[in-house]
Amino acid sequence: MKTNINFRNRVAIIGAGMTIFRRKLKDTPQELTYQATKMALESAGMNFKDVEAYVIGSAPDAFDGVHMKGEYLSDGALAHLKPVKRVFVGGATGVFTAISAWWHVASGMFDVVVAVAEEKMSSAKPHPQAVFLHIWDPITEKPLNPNLIWIFAMEMHRYMHKYNIKKEDIALVSVKNKKNALDHPSASAAGKYTVEDVLNSEVLVYPVQRLDISPVTDGAAAIVLASEKVARRYTDSPVWIEGVGWNLDSTHWTSRELAYPLYLEYAGNMAYKMANIDNPRKQLDFAEVYDPFNYKELHHMEGLKLADKGKAPEMVREGITQRDGDLPICPSGGLLGVGNPIAAAGMMKVCELYWQLTYQADKRQVRIKNGYGLAQAWGDLMQVSTVIITRGG
Amino acid sequence: MQKIYQSTPVKKEDEGKVLEITYKPEAKYSLSAGQAISRFLNELKKGRLIGRKCNNCNRILVPPRVYCDICFRPTNEWVYVKDEGIVTTAVVSYITVDARKAEKEQVVGVIQLEDTNGAGIFHRINVYPKFVMNRKIFGKKVKAVWKEEEERVGDINDILYFQPVEELK
Amino acid sequence: MSFEKETKEVNLRTYKINMEAEEYSYTTGNLGEQFFLKIKNEGKLTAAYCDKCNVRFLPVRGYCILCGNEVKNLVYIDMEGVVESFTIAKISSKGEEFGKEKIIAYIKFPNTLGGLLHELKNVKIEELKIGMKVHPVFKEMKERIGSLTDISYFEPKT
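Predicted, not measured: the structure shown is a model, and the values here were computed from it.

**With respect to the overall build of chain C**
A tally of helices and strands in chain C yields one helix and eleven strands. Across chain C, helices and strands are ordered from the amino to the carboxyl terminus as β-β-α-β-β-β-β-β-β-β-β-β. Scaling as 2.2 N^0.38, a compact globule of 158 residues should have a C-alpha radius of gyration of about 15 Å, whereas chain C reaches 22 Å, well beyond that. Summarising its shape, the C-alpha atoms of chain C cover approximately 70 × 45 × 35 Å along the three principal directions.

This is the structure we're talking about:
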């Protein structure tokens, strides 16, 4: 049943843009923000003067190495003397930036809002992974000198243990996404790989290997949101935002069952209810679930009820999640194939909703039947998820 | 059609040829451990694990908190807990905190402490990597091995690691 | 509140930590790099120039802050700047006394939006004035690395 909520405006995505994602880009974070915003506005047929407000998304300031990063990046969006805010929920930031921009417009306060996300992972030395040390509890966990990957390896291994999942099946996700990314013009980690390549790549933290992980990259991505009356003036094919959801679990991750992301189930339910979707497996044409690690795609499919618990690997094995399958997952190539500049990576997934549902995805195009697509991101201490559902046509 | 502006990639081999401005941050903090964690750390120095019990949900929180994060009420009492528990997940790390290759691999994981009603603790586990890879360590009972009393300082590292109670085969 | 509070300070613990990365290395962008190389190689100041708006601005970046178009060119600017505002600092950012006061000024340049922050020297405090004209003193060529610190300081035009 549809949620009984009132909002002033229906909200549409009418433009999207993103930079190339690369290990290191020479451009400054402000310049990357500018490029993504400019591309999104051009694709909407607008320019900077048309924008009424901005929502900026970026993960910890410690990556770019600039504090008050939202304010810093706003220059590149030409956001001066306009209402601006920055949102930050760890890895889930990219999608949350779009959600936040949605309520700017849905509330009736603004007709045109730009949501832009940027991350420059290459600034921090010796490696951005060291910055992640500071997300652990500073007193009871940090003294053990944890690497970021430990936490995901622990979750992955718990997931494998609980449902008896093989690494070969998880590796298929990397193979699929890196192949999909061959058709993405911004991709940094696309390629033809085999399951053996993944299983033979360097073991970082068993069970996590090099090709199980998305590469750290620099990049930015942006979308333009408009109220219905403005959207109709600019386009015949607006992509409507039909549902949004977000949810945060306890920070005490050691006391939680890691094999299943309950918080994502709740976030998904919130978005499904609002979008009037009761059978996501059938009603969604594709989903851009968050895939910083290959097992996360499976984990998230289950949390979003696109697969039964422990059964997502079967769907991958059967080819259902391929671009020409019954339920394409990450047709963009995802973080594993395109790259992972934290907040920008989540926004890249929202951009993909726009390109797919307006038939602009070129070789990446999936078949659109019901017109629904979903994007999701995830982050913090394995505890938060953000979900957005859009409808095209 | 998606149109892309060209940003300028810097290839790995061109590193150092591009002008960059460097800066060394010196962000030094002194964090207050608070009431509950202070006691926890002081008990670690004595070789004991202590938690706070919530009489509403009957959980014992380790590390202890002054509030129960489920019931939203103050916790009720201090309770010593056994330094034993069941391994719920474990991994083998070959890298350091900043992604360099580690000199020696190390096993870490989560241990669900006995009789706490769900308190998990994150620590090192002293076990051969093969028992992680074949997942034999999962579900097994492990016990804390402590530093010598005179070496303990009241830190989570006063526990050297957790060790299987029965030898794994 | 049922919690019996520890009040003896010796039993309350603190943890000393260092945050963030060992070092940051910031790329300066295509125009930014040229800006710093002009300082390093020529001892000259430049600004970003938008030919659509006919406007020059600092700090340089690859887009026009007025019209939003891409900016690809730098132009040389008159290095005689004007003190827009100044402050007299007695302690460092770490709270240590300098011993001698340090004058920090925000300096603007003719027909250029924005400006630069830098140190002023060779001026008596009582002679400091907003609006006074100053110019940069560069380091020796061999000491320059391509940074704003290649300018040692600004001083009044004599």
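Structure shown, so let's carry the discussion forward.
**A few points about the packing of helix 4 (residues 93-106) of chain A against helix 14 (residues 342-357) of chain A**
Pairs of packed helices are described in terms of their axes, by the angle between the two and the distance that separates them. Residues and elements named next belong to chain A. Where helix 4 contacts helix 14, the two axes come as close as 6 Å, and the packing angle between them is 60°. As summarised for this structure, helix 4 and helix 14 are arranged oblique, according to the angle between their axes. For the pair helix 4 and helix 14, contact is made by Thr93, Gly94, Val95, Thr97 and Ala98 and by Ile342, Ala343, Ala344, Ala345, Gly346, Met347, Lys349 and Val350, respectively. For the contact of helix 4 with helix 14, the class distribution of residues is eight nonpolar, four polar and one charged.

**Remarks on the nonpolar core**
Ranked by size, the top nonpolar core spans 206 residues in total, and within it A:Val113, A:Ile223, A:Leu225, A:Met347 and A:Ile388 carry the most contacts. The leading source of residues in this core is helix 14 of chain A, at twelve residues. Discounting chain neighbours no more than four positions away, the residues touching A:Val113 are A:Glu52, A:Ala53, A:Tyr54, A:Val55, A:Ala101, A:His104, A:Val105 and A:Leu225. Counting residues in hydrophobic clusters, the runner-up holds six residues, among them C:Val83, C:Ala105, C:Val134 and C:Phe154.

**Describing helix 9 (residues 262-275) of chain A**
Residue and element names in this part refer to chain A. The terminal C-alpha atoms of helix 9 lie 20 Å apart, and with 14 residues this matches the ideal 20 Å at 1.5 Å per residue to within 8%. Turning to helix 9, the residues buried within the fold contact strand 9 (239-248), helix 10 (280-283), helix 11 (294-303), strand 11 (372-379) and strand 12 (384-391). Residue Asn276 follows helix 9 closely and has a positive phi angle near 60°.

**Considerations on the pairing of strand 2 (residues 27-32) of chain B**
Within strand 2 of chain B, only zero of the six residues are buried, leaving the element largely exposed. Sheet analysis places strand 2 of chain B next to strand 1 (residues 14-19) of chain C, joined by six bridges and oriented antiparallel. Paired with B:Ser30 across the two strands is C:Lys16, which belongs to strand 1 of chain C.

Conventions and cut-offs
Residues numbered from 1 in each chain as written. Chains lettered and ligands numbered in written order. Predicted model: local features only at pLDDT ≥ 70, side-chain atom pairs only at ≥ 80, totals over all residues. Helix = DSSP H or I, 4+ residues; strand = E, 2+ residues; numbered from the N terminus. Rg over C-alpha atoms; globule rule 2.2 N^0.38 Å. Axes fitted to C-alpha atoms, helices over the stretch in contact; angles between N-to-C directions. Parallel < 35°, antiparallel > 145°, perpendicular 65-115°, else oblique. Contact = placed C-beta atoms within 7 Å. Nonpolar A, V, L, I, M, F, W, Y, C, P; charged D, E, K, R; others polar. Core = buried A, V, L, I, M, F, W, Y, C linked by C-beta atoms within 7 Å. Buried ≥ 20, exposed ≤ 12 C-beta atoms within 10 Å, placed from the backbone. Expected span 1.5 Å × (residues − 1). Pairing = 2+ DSSP bridges.

Nothing here speaks to function; it is all geometry.
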